[in-house]
Amino acid sequence: MVTGPLRATRALVRLAAIRANVQAVRRALAPATRLWAVVKANAYGHGAVPVATTALAAGADALAVALPEEGWELRRAGIASRILVLGPILPEQAVSVVSADLDAIVFSPAVIEALARGAVDLGRPARVHLKVDTGMGRVGARPNEAAALAERIVAEPSLRWAGLMTHLADADHEDPEWTRGQYRQLVRVVEDLRRRGWSPPVHAANSAGALRFPGLQADGVRVGLALYGAAPWAGCSPLEPALTLESVVTMVKRVPTGFRVGYGHTYETPGPLTIATVAAGYADGVRRGLSNRGAAIVGGRRVPIVGRVSMDQLTLGVPPDVPVHVGDPVVLLGRAGALELSAQDWAGWLDTIPYEVFCGIAARVPRLYAPGSDASGRPTGFSSWPT
Ligand SMILES: *Cc1c(COP(=O)(O)O)cnc(C)c1O
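Being a predicted model, the structure only gives us computed values, none of them experimental.

(A) How the structure looks around the overall build of the protein. Check the secondary structure of the protein and you find 11 helices and 21 strands. In summary, the protein has a C-alpha radius of gyration of 24 Å against a globular reference of 21 Å for 387 residues, a match within 12%. Along the longest, intermediate and shortest principal axes, the C-alpha atoms of the protein span 80 × 55 × 45 Å. Looking at the protein as a whole, 52% of its 387 residues are labelled buried. Put simply, of all contacts in the protein between residues at least 6 apart along the chain, 65% involve residues at least 24 apart. Entry remark: accessible area of the protein is about 16900 Å², with carbon and sulfur atoms responsible for 53%. Charged side chains of the protein number 40 positive and 33 negative; the gap between the two group centres comes to 3 Å.

Right under this line is the structure:
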């Protein structure tokens, strides 16, 4: 009988890095500003429950997810903090949201009424955040609809008006005016509601918004990407990457000039080379677009991915002077000593963003967690959650 993950391809998550990033964000906020740690999509692939637990212990006030199901997962794990569902819900999901005591966003009378009814039926209040679209163009009430929706919220005794929010479309954009323009629109709504006697807590900023525009932190911020250690915009001071995707060398061969590698024979060795085959492929999230573009770290060197990435395997072109053996660890994403392959590196190769890189790490890759690190900052004691 064997136990535990034997697969050498795994994502190691340093919870100490999550903790440090939460604390760095916390330091950038006024003490009373609520920090919503965004753990949607399995905490950007890092593992929702371990990240949520760590973030709360490190100073986050509350959590945010995209889907009611994600909120349920956290509740099942015993997490009692406030949890905001950032995605729009449909009226038929209202009961599920209220019964898990999740905060919901609202921007239509139908969902306001469904939540109010669900709250009455279940005999507990429902917390709602009025979402205003100030320029994202995705979901949210138009600014001129906010007051009428607010009337409906306050008219329902079973509802608690827990927030007024918007979402920034361009906080990472070079030109800060885009973001300031959105915020000005939100401020106009805030002022209008205040004149009518209402002042719910306001939140607008994501990672880039919160760290780059301190004036936009309002009563709360919703921070995801920064918690995972990826830079939310190009000029951000460094955070600590939490995740390392690693695998192992399964075969090594010395080959001559003109040796062809992989599906489609897209790579031919220009000279004598060592080909190291690795036990990870696009079914693990090592995207096929990294074929003949990406890199990995093996034997203390950064070496190129050569040939096509296949479903479960890929091949590296290792210079003949680099010692490499079957069983050697390979870092595909993250830090290895002084070397690093960042989510931003992957994003550049794949013409995407770090968010998609993290979310693309497949469910079949086991996540292992290190609770701490030794004096030199090296993570210690990786194991499945709970550690
Ligand atoms: C995902 C999300 C966030 C967090 O964004 P980051 O850029 O990862 O910090 C904040 N608010 C909303 C509405 C979101 O959907």
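Next comes the rest of the description.
(B) View of helix H4 (residues 68–76). Residues of H4 that are buried: Pro68, Glu70, Gly71, Leu74 and Arg75. Looking down the long axis of H4, one finds its buried residues gathered within 160° of arc, a one-sided arrangement. Positive phi appears at Gly78, one or two residues downstream of H4, with a value of about 90°.

(C) Representation of the domain arrangement of the protein. Per the domain assignment, the segments making up the protein are domain 1 (15–228) and domain 2 (243–341). Computed from C-alpha atoms alone, the centre-to-centre distance between domain 1 and domain 2 is 42 Å.

(D) How the structure looks around helix H1 (residues 15–27). Given a rise of 1.5 Å per residue, 13 residues ought to cover 18 Å, and the 18 Å separating the end C-alpha atoms of H1 matches this to within 8%. For H1, the complete set of buried residues consists of Leu15, Ala16, Ala17, Ile18, Asn21, Val22, Val25 and Arg26.

(E) Molecular detail of the environment of Gly140. By secondary structure assignment, the location of Gly140 is in the loop between strand E6 (126–131) and helix H7 (146–155). Note on Gly140: relative accessible area 18%, which makes it buried. Spatially, the C-alpha atoms of Gly140 and Glu240 are 33 Å apart, while their sequence positions differ by 100 residues. Here Gly140 is in contact with Phe107, Lys131, Val132 and Asp133, once residues within four sequence places are set aside.

(F) Fine view of the site of the ligand. The full set of residues close to the ligand is Val38, Lys40, Tyr44, Leu86, His167, Asn206, Ser207, Arg222, Val223, Gly224, Leu225 and Tyr355. Tyr44 is positioned with one of its side-chain polar atoms (N or O) 2.5 Å from an oxygen atom of the ligand. Relative to its unbound accessible surface of 390 Å², the ligand loses 94% to contact with the protein. Counting residues per element, the ones that place at least two in the shell around the ligand are helix H2 (40–44) and strand E9 (220–223). A class-by-class count of the residues in the shell around the ligand yields six nonpolar, four polar and two charged.

Thresholds applied
Residues numbered from 1 in each chain as written. Predicted model: local features only at pLDDT ≥ 70, side-chain atom pairs only at ≥ 80, totals over all residues. Heavy atoms only, no water. Helix = DSSP H or I, 4+ residues; strand = E, 2+ residues; numbered from the N terminus. Rg over C-alpha atoms; globule rule 2.2 N^0.38 Å. Buried < 20%, exposed > 50% of the residue type's maximum accessible area, 1.4 Å probe, protein only. Contact = heavy atoms within 4.5 Å. Areas by Shrake-Rupley, 256 points an atom, 1.4 Å probe, with all protein chains shown as cover. Lys, Arg positive; Asp, Glu negative; His and termini not counted. Charge placed at Lys NZ, Arg CZ, Asp CG, Glu CD. Arc of directions from axis to C-beta. Domains from an automatic or database assignment. Expected span 1.5 Å × (residues − 1). Near = heavy atom within 4 Å. Polar contact = N/O pair within 3.5 Å; in protein donor to acceptor, adjacent residues only side chain to side chain. Nonpolar A, V, L, I, M, F, W, Y, C, P; charged D, E, K, R; others polar.

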